[in-house]
Structures are given as C-alpha cells and as structure tokens.
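Architecture at a glance
What follows is the residue order along each chain.
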Amino acid sequence: MLGGLTKRLTDIVSGLRGRKITEEVIKETSREIRRALLEADASLPVVKDFEKRVREAALGVEVIEGVDAGQMFTKIVQDELTDLMGPVDHEIAWKKSGATVILMSGLQGSGKTTTCGKLARYFRERKKKRPMLVAADLQRPAAIEQLKVLGRQLDVPVFHQEGLTPPQVCEAALGAAREQKCDVIILDTAGRLHVDDQLMGELKQIADKTKPDETFFVCDAMTGQDAVRSAEAFSKSLELSGVILTKLDGDARGGAALSVKAITGKPVKFVGVGEKLDRLDEFHPDRMASRILGMGDVVGLVDRAQQVIDEKEQAEMQEKLLEANFTLQDFLSQLRQIKKMGSLKDLLAHIPGLGGQVDQMDIQGDELVIVESIIQSMTAKERQRPEIINTSRRRRIAAGAGRPLEAVNDLLKQFKQMQGMMQGFKKQSGLFGKLKGMRDMKQGMDQMQDPAGGGVPGMPGLPGMPGGVPGEMPQIPGLGGGPGAPGKAKAGPSKEERRKKRKQERQRRKKSRRR
Ligand SMILES: Nc1nc2c(ncn2[C@@H]2O[C@H](COP(=O)(O)OP(=O)(O)OP(=O)(O)O)[C@@H](O)[C@H]2O)c(=O)[nH]1
Ligand SMILES: [Mg+2]
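I will try to describe carefully the structure that is included in this document. (Residues numbered from 1 in each chain as written. Chains lettered and ligands numbered in written order. Predicted model: local features only at pLDDT ≥ 70, side-chain atom pairs only at ≥ 80, totals over all residues. Heavy atoms only, no water.)

**Focus: the overall build of the protein chain**
Across its full length, the protein chain carries 21 helices and 8 strands. Here the protein chain, with 515 residues, has 50% of them falling under the buried criterion. Within the protein chain, contacts between residues at least 6 apart in sequence are counted, and of these 75% link residues at least 24 apart. Of the roughly 24,400 Å² of accessible surface on the protein chain, 48% is carried by carbon and sulfur atoms. (Helix = DSSP H or I, 4+ residues; strand = E, 2+ residues; numbered from the N terminus. Buried < 20%, exposed > 50% of the residue type's maximum accessible area, 1.4 Å probe, protein only. Contact = heavy atoms within 4.5 Å. Areas by Shrake-Rupley, 256 points an atom, 1.4 Å probe, with all protein chains shown as cover.)

**Focus on the nonpolar core**
Counting 75 residues, the largest nonpolar core has Ile33, Phe73, Leu81, Phe234, Leu245, Leu258 and Ile292 as its most contacted members. The dominant element in this core, judged by the number of residues it contributes, is helix H4 (residues 69-85), at 8 residues. Counting only domains with at least three residues in this core, you end up with domain 1 (3-85) and domain 2 (100-283). Ile351, Ile374, Ile388 and Phe415 belong to the second largest nonpolar core, which has 30 residues in total. (Core = buried A, V, L, I, M, F, W, Y, C linked by side-chain atoms within 4.5 Å. Domains from an automatic or database assignment.)

**Here's the deal with the side chain of Ser377**
Assignment of secondary structure puts Ser377 in the loop between helix H16 (367-376) and helix H17 (380-384). The exposure class assigned to Ser377 is buried, which follows from its relative accessible area of 19%. There is a polar contact of 2.9 Å between the side chain of Ser377 and the backbone oxygen of Ile397. If near-sequence neighbours (up to four positions away) are discounted, Ser377 is found in contact with Arg396, Ile397, Gly400 and Ala401. (Polar contact = N/O pair within 3.5 Å; in protein donor to acceptor, adjacent residues only side chain to side chain.)

**Focus on the sheet that holds strand E3 (residues 158-159)**
Across the sheet, 8 strands lie side by side as E3-E2-E4-E1-E5-E6-E7-E8; this open sheet has mixed pairing. Each of the sheet's edge strands pairs with one partner strand only, and the pair in question is E3 and strand E8 (280-282). As paired elements, strand E7 (residues 268-272) and E8 share 3 bridges and run antiparallel to each other. Residue Gly272 lies in a different strand from E8, and its bridge partner there is Leu280. (Pairing = 2+ DSSP bridges.)

**Description of the site of ligand 1**
Near ligand 1, the surroundings consist of 19 residues, among which Lys112, Thr113, Thr114, Asp249 and Glu275 are the closest. Gly274 has a polar backbone atom sitting 3.3 Å from an oxygen atom of ligand 1. For ligand 1, whose accessible area on its own is 650 Å², the fraction buried by protein is 81%. Classifying every residue of the shell around ligand 1 by side-chain character gives 2 nonpolar, 10 polar and 7 charged. (Near = heavy atom within 4 Å. Nonpolar A, V, L, I, M, F, W, Y, C, P; charged D, E, K, R; others polar.)

**Observations concerning helix H7 (residues 166-179)**
Helical geometry: 3.6 residues make up each α-helical turn, so side chains three or four residues apart lie on a common side. Under the 1.5 Å per step criterion, the end-to-end length of H7 is 20 Å for 14 residues, consistent within 8% with the ideal 20 Å. All of the buried residues in H7 are Pro166, Pro167, Val169, Cys170, Ala173, Ala176 and Ala177. Looking at the packing, one finds that the buried side of H7 touches strand E2 (131-136), E3, strand E4 (184-189) and helix H8 (197-210). Immediately beyond the C-terminal end of H7, within one or two residues, lies Lys181, with a positive phi of roughly 55 degrees. (Expected span 1.5 Å × (residues − 1).)

**Details of the packing of helix H1 (residues 3-14) against helix H2 (residues 23-39)**
Direction vectors running N to C along H1 and H2 enclose 170 degrees, while the axes themselves pass 9 Å from each other. The angle between H1 and H2 places the two elements in the roughly antiparallel class. Residues Leu5, Arg8, Leu9 and Ile12 of H1 form the contact with H2, whose participating residues are Thr29, Glu32, Ile33, Arg35, Ala36, Leu37 and Glu39. Counted by class, the contact of H1 with H2 contains 6 nonpolar, 1 polar and 4 charged residues. (Axes fitted to C-alpha atoms, helices over the stretch in contact; angles between N-to-C directions. Parallel < 35°, antiparallel > 145°, perpendicular 65-115°, else oblique.)

**Focus: the side chain of Glu214**
Along the polypeptide, Glu214 turns up in strand E5 (residues 214-220). For Glu214, the side chain forms a polar contact with the main-chain nitrogen of Ala93, separated by 2.7 Å. Residue contacts for Glu214: discarding those within four places in its chain leaves Glu91, Ile92, Ala93, Val101, Ile102, Leu103, Ser241 and Lys269.

**Re the pairing of E7**
Taken across its 5 residues, E7 has 5 buried, putting it largely inside the fold. By the bridge criterion, 3 bridges tie strand E6 (residues 242-246) to E7 in an arrangement that is parallel. Paired with Val243 across the strands is Val268, a residue of E7. Following the backbone out of E6, through helix H10 (residues 255-264) and into the adjacent parallel E7, one traces a crossover that is right-handed. (Right-handed = clockwise from strand over helix to strand, strands pointing away.)

**Side note on the pairing of E4**
Most of E4 sits inside the fold, with 6 of its 6 residues counted as buried. Side-chain alternation along E4 places Val184, Ile186 and Asp188 on one buried face and Ile185, Leu187 and Thr189 on a second face that is also buried.

**So, the packing of H2 against H4**
In the contact formed by H2 and H4, the axes pass within 12 Å of each other and the chain directions differ by 45 degrees. It follows that H2 is oblique to H4 by the angle criterion. As H2 packs across H4, the resulting crossing turns out to be right-handed. Judged by residue contacts, Val25, Ile26, Thr29 and Ile33 of H2 engage Ala69, Phe73 and Val77 from H4. Of the residues assigned to the contact of H2 with H4, the class counts are 6 nonpolar, 1 polar and no charged. (Left-handed = near helix turned anticlockwise from the far one by under 90°.)

The following block contains the structure:
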C-alpha cells in the first residue's frame with residue numbers, strides 16, 4: 001500500500017542528499033511534496049495547508065553543519081505527517097456499568113460487517129470483553145447470514161430478530177446482551193451507495209434508541225477522496241467518534257489516510273489491513289508516517305508478531321539454531337508463522353529502507369505458498385537433510401509441487417545461503433527474536449533522536465534517516481527478483497558510539513550541575 005507515495009517522497013528526499021538548505025530548495029521541495037500528496041489523492045485544502053506548514057517549518061529551522069536538506073526534510077515531513085494524521089487514539093469509551101454500544105456506519109462495501117467481526121475478536125482477545133454482534137442490516141437478505149458466519153467463526157453470539165425494523169432490532173439487542181452477560185455490543189448497519197436521507201434517518205434512529213458510546217465511520221481507503229467526502233457528510237448528520245480505515249493492505253494511494261482526520265476532525269482509531277479477522281491494527285500516526293517515508297515500521301511488525309507467533313515454538317527454534325541444525329522442516333514452520341502475520345508484500349513494506357521499493361519488486365503475493373508447496377512435496381528425510389536431494393529427487397519434487405525445476409533449485413540454493421546467514425542470526429531467537437532485536441534497536445534510536453530538548457531536526461547520520469537501515473534482514477528463500485536485503489548501508493551509530501555519546505552527555509550534565 002501507499003507504494004507510489006512512498007516512492008515519490010523518497011525520491012524527492014534522496015534528490016536533496018548533500019544539498020544545502022536554501023530558500024530556493026525549500027520552495028522547490030515543498031512544491032514537489034505538494035504534488036506528490038495530490039497524486040496520492042489527498043484533498044486539496046489539506047495538501048495546501050500541509051505544504052505551508054512544511055515550508056514554514058523548513059524556513060524556521062536553524063541550519064546545522066553536516067545536516068543536508070534531505071535529512072532535514074525527512075524529519076520535518078515525518079513530524080508534519082504524524083501531526084496531520086494524529087493523534088494516537090484507539091481508546092474505547094467503555095461504559096462503567098452495562099454494555100458498551102458501538103455503532104458502525106459507512107457506505108456500501110466499505111467493510112462494516114468485516115470490521116464488526118474484527119472488532120469483536122479484538123475486544124475479546126485484547127480487552128478481555130464479551131462481545132455481541134447485532135445484525136441491523138436488513139437491506140440485503142444475505143447480510144444477516146454473513147454476520148452469523150463471522151459469529152460462528154469467532155464463537156461470538158449474533159443477535160437478530162425477524163419482523164422488526166433496524167432501530168427496533170438494535171433496541172431489542174440491548175436486552176439480549178444483558179441476558180447473555182455480554183459487555184460490548186457491535187451494531188452492524190446497512191450500507192448505501194451514496195449518502196441519502198433515508199440511511200441517515202435510520203442511523204439517527206438507531207443512535208437515539210441505543211445511545212452509542214462510540215460511533216465509527218468505516219472508510220474504504222481505496223476510494224481516496226470520495227471516502228473522505230462521505231466521511232464529511234456522515235459526520236455532519238451523525239455524531240461520529242472515530243474513523244476506521246479499511247483496505248490499507250490494497251493499492252490505496254494514501255489520500256484517505258492523509259486527509260480523513262483533517263477533514264472530519266475525528267481520529268482514525270483502527271485500520272483494516274486484510275480480509276481476515278485478525279487483520280485489524282490500532283492506528284499509530286507516527287508509524288504510518290514512517291512507513292509513508294519508506295522508513296518501515298518495525299514496532300508495528302513486532303506488535304503483530306506478538307499476536308500471532310507462538311513464543312514456545314520460537315524458543316525451540318532457537319535451540320535448533322544454536323545447534324546449527326535448522327532444517328527445511330523448521331523453515332516450513334517458520335514460514336507458516338510468517339504467513340500468519342500477513343502477505344509478504346505487506347511485511348516487507350514494514351522493513352526500514354524497503355518501503356518505497358516493494359512495489360517494484362517482483363512479488364506476486366503467492367511466494368510463500370509456492371515455497372510451502374515445494375517443501376511439502378519433499379520426504380521427511382529430504383527436509384532433514386537437503387544435501388541428499390540430487391537431480392532426480394529435484395525433478396520428482398518439482399513435479400509433485402507442480403512447479404518448474406528451477407523453482408526447486410532456487411529454493412535449495414537460497415536455503416543453503418540462509419543457513420550460512422543463520423550463523424550470524426543465531427544469537428537472537430529466530431524471526432521473532434530478530435524482530436525484537438530490531439525493535440529494541442529502533443527504540444534506542446528513537447530515544448537518541450530526541451536529545452535533550454529535541455531541538456535539532458535530523459541529526460546527521462541518525463537512524464531513521466534514509467540510508468539508516470538497521471542491520472540486515474535474512475533473504476527469504478523463494479523470493480527472487482527483488483533488490484535483495486537492504487544490506488548494511490550506513491547503519492547509523494554503532495552501539496559503542498552510542499554508549500560513548502551517552503557517557504559524554506552524562507559528564508556534560510554533571511559538569512553543568514557543579515557550575
Ligand atoms: N483487503 C481487504 N479487504 C477488506 C478489508 N475489510 C473488508 N474487506 C473486504 O471488503 C468487502 C466488503 O466488506 P463488507 O464487510 O461486506 O462491507 P460492508 O460495509 O459490510 O458492505 P455492505 O454491508 O454491503 O454495506 C469484502 O470482500 C471484505 O472481505 C480490509 O481491511 N482489507
Ligand atoms: Mg455489511
């Protein structure tokens with residue numbers, strides 16, 4: 001997602017590398033940034049204001065020796081994007097007693113029903129609540145069934161009642177929730193192609209009868225400015241408390257994510273990043289800004305990993321890595337864990353330094369499936385000892401998996417390379433440990449990025465800046481055609497340097513206290 005915008009912004013910034021900050025550069029660059037945001041389908045008043053803010057911030061910056069225009073703009077744009085999309089707000093106004101009511105609204109096909117299911121899952125898993133889903137969409141005959149299927153999948157009760165109007169169904173649901181001891185009620189309402197009076201009237205009646213604690217507008221990020229315009233219309237008739245952006249995993253250009261908060265004045269609470277029920281993320285504007293600038297989102301990746309990855313299995317994996325007998329079978333189970341986290345494209349977009357390139361990579365989205373099918377058509381012995389896989393075995397495996405022989409060859413070659421890399425990898429427990437390591441590194445860096453008072457935007461060579469790629473990601477076997485791992489290009493200050501810097505800082509403070 002947002003690939004085009006990321007590419008444009010990273011291109012703008014890298015064109016400024018080594019250049020001095022002058023008024024001319026500032027003028028030219030803020031104009032280019034404006035164009036990039038408009039191409040991403042952000043709304044014009046938002047973009048104009050953004051351009052003005054970036055320009056003012058750039059003009060107000062004290063020119064520091066060693067900081068080039070690229071570094072400075074990266075920092076300014078990141079801060080302004082964070083501001084534009086913020087604040088961080090995924091709190092729910094829980095009722096002190098009785099069931100909290102959540103009303104979902106939005107246009108047809110925006111993802112309301114799916115998001116109801118995702119929220120039910122999120123409330124139960126993360127907030128330890130007992131949710132109830134309410135089928136108040138009586139427009140489409142299949143709508144109730146769709147919600148019931150979600151309820152069955154999640155093992156969450158679904159309330160519906162024939163012969164009632166949608167507001168009556170919602171009202172009846174309040175009583176049912178009390179009886180079934182559910183403490184959060186999610187109302188799935190009907191969508192319309194366009195905002196119309198009848199729809200708004202129905203939603204208002206539902207709101208009158210149920211007094212919702214949260215009223216969310218579900219906004220399809222793929223529809224860009226249109227989504228924002230309807231959000232505005234909804235927020236005029238209904239008292240919205242927040243927005244949920246869906247389909248951010250798709251080819252959304254970013255316009256909706258950039259403009260919806262500014263236009264409606266309502267915070268983006270959650271984002272939908274896939275069709276499955278676990279693909280709902282809390283919205284973090286700073287992480288989104290970082291992704292838009294191609295700087296990845298390691299913290300978000302770790303969050304997701306923590307939810308889906310089995311730590312016990314990872315601990316066992318670590319043992320194996322330490323003994324250096326990581327086999328293709330182990331690789332397969334790691335792969336399955338990765339698959340649980342999301343599509344390869346989406347995951348790679350979280351890796352610092354890769355954001356802008358993901359769209360150009362030759363990724364079809366089914367790489368993990370291909371690798372899985374190849375390993376599955378190997379015998380147990382072959383998975384344990386890949387070195388016994390000779391040419392005739394390779395042919396058999398390829399035929400069994402329905403893939404060309406080269407695919408098998410590539411996989412084995414890359415697996416061998418990866419085993420080599422695992423040697424350097426083994427101190428950290430598998431993928432999860434690696435990610436954790438990266439997060440710690442990133443957090444350490446973030447702290448550093450804000451030295452006493454934090455007045456200096458974009459210190460030279462600081463991580464998070466373009467080129468500051470923390471460490472090296474293992475190449476994923478089966479993934480050909482890409483630019484490869486980001487490598488070690490200018491990895492920011494080393495641990496030793498950071499320690500030294502902190503020590504100097506402590507001494508400096510001590511001295512100034514003595515004075
Ligand atoms: N890729 C992706 N697809 C999504 C996401 N959220 C919803 N969808 C898909 O969008 C389509 C519409 O979703 P629904 O939940 O039925 O939308 P709705 O708003 O309830 O639609 P109506 O009830 O007809 O108004 C479905 O195919 C969903 O799988 C998301 O975050 N990512
Ligand atoms: Mg629906």
